[in-house]
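Listed below are the residues making up each chain.
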Amino acid sequence: LEKLANQTNVEIRLYAILLISLFAVGITMTIFRFWVNRLSFYIATQVEDYWRYRVLNHFFNLPTIWHDKHDSGEFAGKIDRGASSIWTIIHELFGNNFLVYLITLIIVLIIVFISFPGAALILIIPIPIYIIVTFIVSQKIAKRQNFVNKIHHFAARLLYDAAGNVRSVKAFGTELRESKSYKKVWARIHNLEYKEEELWLVQSLMQTGIETAMRIILLTFSIWKFYKNEYTIGLIVLLISYQQLTFAPLRELNSIFTRIRRVVGRSKHLFEILSEEDSLKDSKNAIDINALRDKVELENVSFSYSKNYQALKDITIGFKKGEVVAVVGRSGAGKSTFSNLLLRFYDPDKGEILWDGIDLRNVKRDSLRKRIAYIPQDINLFNRSIKDNITYGRLKFK
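All values derive from a computational prediction rather than experimental measurement.

Focus: the overall build of the chain
Along the chain, the regular secondary structure elements total 11 helices and 4 strands. A compact globule built from 398 residues would reach a C-alpha radius of gyration of about 21 Å, whereas the chain, at 33 Å, exceeds it by more than 25%. Overall, the C-alpha framework of the chain stretches about 115 × 45 × 40 Å when taken along its three principal axes. The proportion of buried residues among the 398 residues of the chain is 36%. The long-range fraction of contacts in the chain, counting pairs at least 24 apart against all pairs at least 6 apart in sequence, stands at 76%. Carbon and sulfur atoms provide 61% of the accessible area of the chain, an area that totals close to 25300 Å². Here the chain contributes 54 positive and 38 negative side-chain charges, whose respective centroids are spaced 3 Å apart.

What to know about the sheet that holds strand 3 (residues 350-355)
If you walk across this open sheet you meet the 4 strands as 2-1-3-4, and the pairing is antiparallel. The open sheet terminates on both sides in strands that have one partner only, identified here as strand 2 (309-320) and strand 4 (358-359). Sheet analysis places strand 1 (residues 295-306) next to strand 2, joined by 8 bridges and oriented antiparallel. Across the sheet, residue Val296 finds its bridge partner in strand 2, namely Phe319.

Here's the deal with the environment of Arg293
Within the fold, Arg293 resides in the loop between helix 8 (233-274) and strand 1. We classify Arg293 as exposed; its relative accessible area is 58%. For the pair formed by Arg293 and Asp356, sequence separation is 63 residues and the distance between their alpha carbons is 6.7 Å. When residues no more than four places from it in sequence are discounted, the contact partners of Arg293 are Lys321 and Asp356.

Let's talk about helix 4 (residues 117-124)
Those residues of helix 4 not exposed but buried are Ala119, Ala120, Ile122 and Leu123. Taken around the axis of helix 4, the buried residues stretch over an arc of 160 degrees, which confines them to a single face. Across helix 4 from its buried face, at more than 90 degrees, point the exposed residues Pro117 and Leu121.

Thoughts on the packing of aromatic side chains
Under the criterion given, the structure shown has 10 aromatic pairs. With centroids separated by 5.5 Å and ring planes inclined at 55 degrees, the aromatic side chains of Phe319 and Phe338 adopt a geometry described as tilted. One end of the pair, Phe319, is in strand 2; the other, Phe338, is in helix 9 (residues 335-342), with 19 residues separating them in the sequence. Using a relative accessible area of 13% as the deciding quantity, one classes Phe319 as buried. Its relative accessible area of 18% is what places Phe338 among the buried residues. Ring pairs connect the aromatic residues Phe59, Phe60 and Trp66, which therefore count as one cluster.

Regarding a nonpolar patch on the surface
A surface patch of nonpolar side chains, about 650 Å² in accessible area, is lined by Leu219, Ile223, Phe226, Tyr227, Ile233, Val237 and Ile240. Mapped by element, the contributors of at least two residues to the nonpolar patch are helix 7 (175-227) and helix 8. No other element matches helix 7, which puts 4 residues into the nonpolar patch. With respect to the helices and strands, the residue Tyr227 is situated in helix 7.

Here's the deal with the pattern of salt bridges
Under the defined criterion, the tally for this structure stands at 8 salt bridges. Close ionic contact of Asp282 with Arg365 constitutes a salt bridge, the shortest N to O distance being 3.7 Å. On the criterion of sequence distance, the pair formed by Asp282 in the loop between helix 8 and strand 1 and Arg365 in helix 10 (residues 365-370) is long-range, its members being 83 residues apart. Taking the relative accessible area as the measure of exposure, Asp282 reaches 27% and is therefore partly exposed. Close ionic contact of Asp314 with Lys350 constitutes a salt bridge, the shortest N to O distance being 3.1 Å. Linking Asp314 in strand 2 with Lys350 in strand 3, this pair joins segments that are 36 residues apart in sequence. Residue Lys350 is classed as partly exposed on the basis of its relative accessible area, which comes to 45%.

A few points about empty space enclosed by the protein
Inspection of every chain in the model, using the stated rule, returns 1 cavity of 30 Å³ or more. When its volume is computed, the largest cavity comes out at roughly 30 Å³. Lining the largest cavity we find Leu341, Asp347, Pro348, Glu352, Ile353, Asp359, Leu360 and Arg361. Per-class residue counts for the lining of the largest cavity are 4 nonpolar, no polar and 4 charged.

Observations concerning the nonpolar core
Core analysis: the largest hydrophobic core is formed by 32 residues, its most contacted members being Phe116, Ala119, Tyr231 and Tyr242. Going through the elements one at a time, helix 3 (72-115), helix 4, helix 5 (126-164), helix 7 and helix 8 are the ones with two or more residues in this core. With 10 residues, the single largest contributor to this core is helix 8. Once residues within four sequence positions are removed from consideration, Tyr231 is found in contact with Phe116, Ala119, Phe221, Ser222, Lys225, Phe226, Ile236 and Leu239. Counting residues in each nonpolar core, the second largest holds 18 residues, with Ala311, Leu312, Tyr346 and Ile353 among its members.

Rules behind the numbers
Residues numbered from 1 in each chain as written. Predicted model: local features only at pLDDT ≥ 70, side-chain atom pairs only at ≥ 80, totals over all residues. Heavy atoms only, no water. Helix = DSSP H or I, 4+ residues; strand = E, 2+ residues; numbered from the N terminus. Rg over C-alpha atoms; globule rule 2.2 N^0.38 Å. Buried < 20%, exposed > 50% of the residue type's maximum accessible area, 1.4 Å probe, protein only. Contact = heavy atoms within 4.5 Å. Areas by Shrake-Rupley, 256 points an atom, 1.4 Å probe, with all protein chains shown as cover. Lys, Arg positive; Asp, Glu negative; His and termini not counted. Charge placed at Lys NZ, Arg CZ, Asp CG, Glu CD. Pairing = 2+ DSSP bridges. Arc of directions from axis to C-beta. Phe/Tyr/Trp six-rings, centres within 6.5 Å; stacked < 30°, edge-to-face > 60°. Patch = residues over 30% accessible without salt bridge, like charges linked within 9 Å, V, L, I, M, F, W, Y side chains within 5 Å. Salt bridge = Lys/Arg side-chain N within 4 Å of Asp/Glu carboxyl O. 1 Å grid on protein atoms, 1.4 Å probe; cavity = no way out; pocket = protein on both sides within 12 Å on 5 of 7 lines; lining within 4 Å. Points joined across faces, edges and corners; volume = space filled by probe spheres on them. Nonpolar A, V, L, I, M, F, W, Y, C, P; charged D, E, K, R; others polar. Core = buried A, V, L, I, M, F, W, Y, C linked by side-chain atoms within 4.5 Å.

Listed below in structure tokens is the structure:
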């Protein structure tokens, strides 16, 4: 009877410890999750804004010849989705969930190692198996997601292209055709996403199989210990509870890892844009120029848009300050090219353009363009107020 009473007291104490531990851990994790969520949200927004604006500024500064070869709508979508993916990685995945689950897993394993060193191995075995399974499946998911991302960019380009030319769409009566084309692309995206969800299901089933096998092993081990009078019913319940506390964060951590690999593919597009070279970037010795004092000169200037299209060839001409000059010629003679070179949208392939004797290659671009009033033949209006459009180039009038 005394032995039974002692055993009962031990079980009551263990049960009390379990309840107190669960309560303490619950309160601690709630407080910790609140502060981690708050801190990760702030960090995520700051990092997202930093890269979003840095990439956007780099995008605007890329030379005109780069923009001629790329679709602006597609890259606008890449910047938007890429920046959003950075926020998702830092806040939703890493900050808001990853740290909480990781710390929970570590704390539970430490407690088990101290309290039940013999059973601790059973709780550790699933970890490398989970990691291997997740790594293999996440590779396939990430590869498929990269392909989905490419089609996403194509869909964005299709949408921006049609929306930006809505008058042409209406004029030719192709509203239904454009809508169907967009719908067709998204149907393809969804089909790929369905297949991707199948991989998620495979990963989930494999993880469930691992958990079930390890539960059976732990239960068998505990019953064996019970019959040897080394474990009590209370200890077995406690061990199973610890195993459950191990599986929950482990499952979430592996899910987070797979989701991160999916989202990283989108964020890479930001850095791809940032890696594009600005061939007209101001040199270290570039200078600000003053208002024109004497003249602008073109000396033996040649320029080609491509190997088969030479717009200007060996042009030498000067324009003095105060002169009113009209450059006249047939369509395609190079009139627009001349103004584009003067604004340094492009650099000449040969020769120099001089501003009071200073080669424009040695001048800061913003300094040059502030000295030139440019009215293009093609009218572009921003979707803003009339005042904003009129004063766009002269902020001091706003």
